[in-house]
Amino acid sequence: MKKTFITLLIIFFGTAVFAQKADDICGIFHSVDPFSKEGSQCEIYKAADGTYEAKVVWVENPKKKNQLGLVFMTGLTYNAKDKEYQNGKLKYPGKKGTYKTYIRMVNDNKTLKMRGYLGVSVFGMTVDWTRESKIRTQK
């Protein structure tokens, strides 16, 4: 009986360690814009309504400083069953319209794959974002 109890504890706590939590997405991420090929950093955070949002915190091109602080992604909710952030809305600076988006965390939460699309997900693009420890110094 004691061995069974200890085994169950190990299984329970072992899976809890590897389980993704909704707030794991929060932090600073770097990506390269697929259109301009310029780098930027964003901060993903939990909004007051419990969803997740992202804002621009650093841009490689100093001419785009006006984008600093821009909240460009809203409404992400975590689906624990699918281990995915869903129902997001993405407003791409300089492009018309609003895109739908979802995100999957990979590589021990060091990388996220953000898919932006119009209509259905097959008509979209996936961009990798890499987690960084701090906001870069803006020039």
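Before reading further, recall that the structure is shown in the block above.
Quick caveat: nothing in here was measured; it's all calculated off a predicted structure.

**Q** Teacher, can you tell me more about the pattern of salt bridges here?
**A** It is possible for side chains of opposite charge to pair when their charged atoms get near one another. Throughout the structure, instances matching the rule amount to five salt bridges. Among the ionic pairs, K64 bridges to E38, the shortest N-O distance being 2.9 Å. Highlighted residues: K64 in the loop between β3 (52–59) and β4 (71–79) and E38 in the loop between β1 (27–32) and β2 (39–46), separated in sequence by 26 residues. A residue is classified by how much of its surface remains accessible, and K64, at 26% relative accessible area, is partly exposed. A salt bridge links D128 to K113, with the nearest nitrogen and oxygen atoms 2.9 Å apart. Here D128, found in strand β8 (residues 124–132), pairs with K113, found in strand β7 (residues 111–117); they are 15 residues apart in sequence, far enough to count as distant. Classification of D128 as partly exposed rests on a relative accessible area of 38%.

**Q** What should I look at first to understand the nonpolar core in this one?
**A** As a rule of thumb, nonpolar side chains are buried together in soluble globular proteins. Of all hydrophobic cores here, the largest spans 21 residues; its most connected members are I44, M73, L112 and W129. Counting only elements with at least two residues in this core, the list comes to β2, β3, β4, β5 (84–90), β6 (99–106), β7 and β8. Leave out the neighbours within four places in its chain, and I44 touches I25, C26, G27, F29, Y52, E53, A54, L112 and W129.

**Q** How do you make sense of the packing of aromatic side chains when you look at a structure like this?
**A** Applying the stated rule across the entire model yields five aromatic pairs. The interplanar angle of 55° and the centroid separation of 6.1 Å between the aromatic rings of F72 and W129 together place this pair among those described as tilted. Placement of F72 in strand β4 and of W129 in strand β8 is noted, with a sequence separation of 57 residues between them. Given a relative accessible area of 12%, F72 falls into the buried group. Relative accessible area serves as the criterion here: at 4%, W129 is assigned to the buried category. An aromatic cluster of three or more residues is present, and its members are Y52, Y78 and Y85. Here the guanidinium or amino end of K55 rests over the ring plane of Y45, the centre of that ring lying 5.7 Å away. Positioned over the ring face of W58 is R136, at 4.9 Å from the centre of the ring.

The rules behind the values
- Residues numbered from 1 in each chain as written.
- Predicted model: local features only at pLDDT ≥ 70, side-chain atom pairs only at ≥ 80, totals over all residues.
- Heavy atoms only, no water.
- Salt bridge = Lys/Arg side-chain N within 4 Å of Asp/Glu carboxyl O.
- Helix = DSSP H or I, 4+ residues; strand = E, 2+ residues; numbered from the N terminus.
- Buried < 20%, exposed > 50% of the residue type's maximum accessible area, 1.4 Å probe, protein only.
- Core = buried A, V, L, I, M, F, W, Y, C linked by side-chain atoms within 4.5 Å.
- Contact = heavy atoms within 4.5 Å.
- Phe/Tyr/Trp six-rings, centres within 6.5 Å; stacked < 30°, edge-to-face > 60°.
- Lys NZ or Arg CZ within 6 Å of the ring centre and 35° of its normal.

All quantities given are derived from atomic positions and should not be read as evidence of function.
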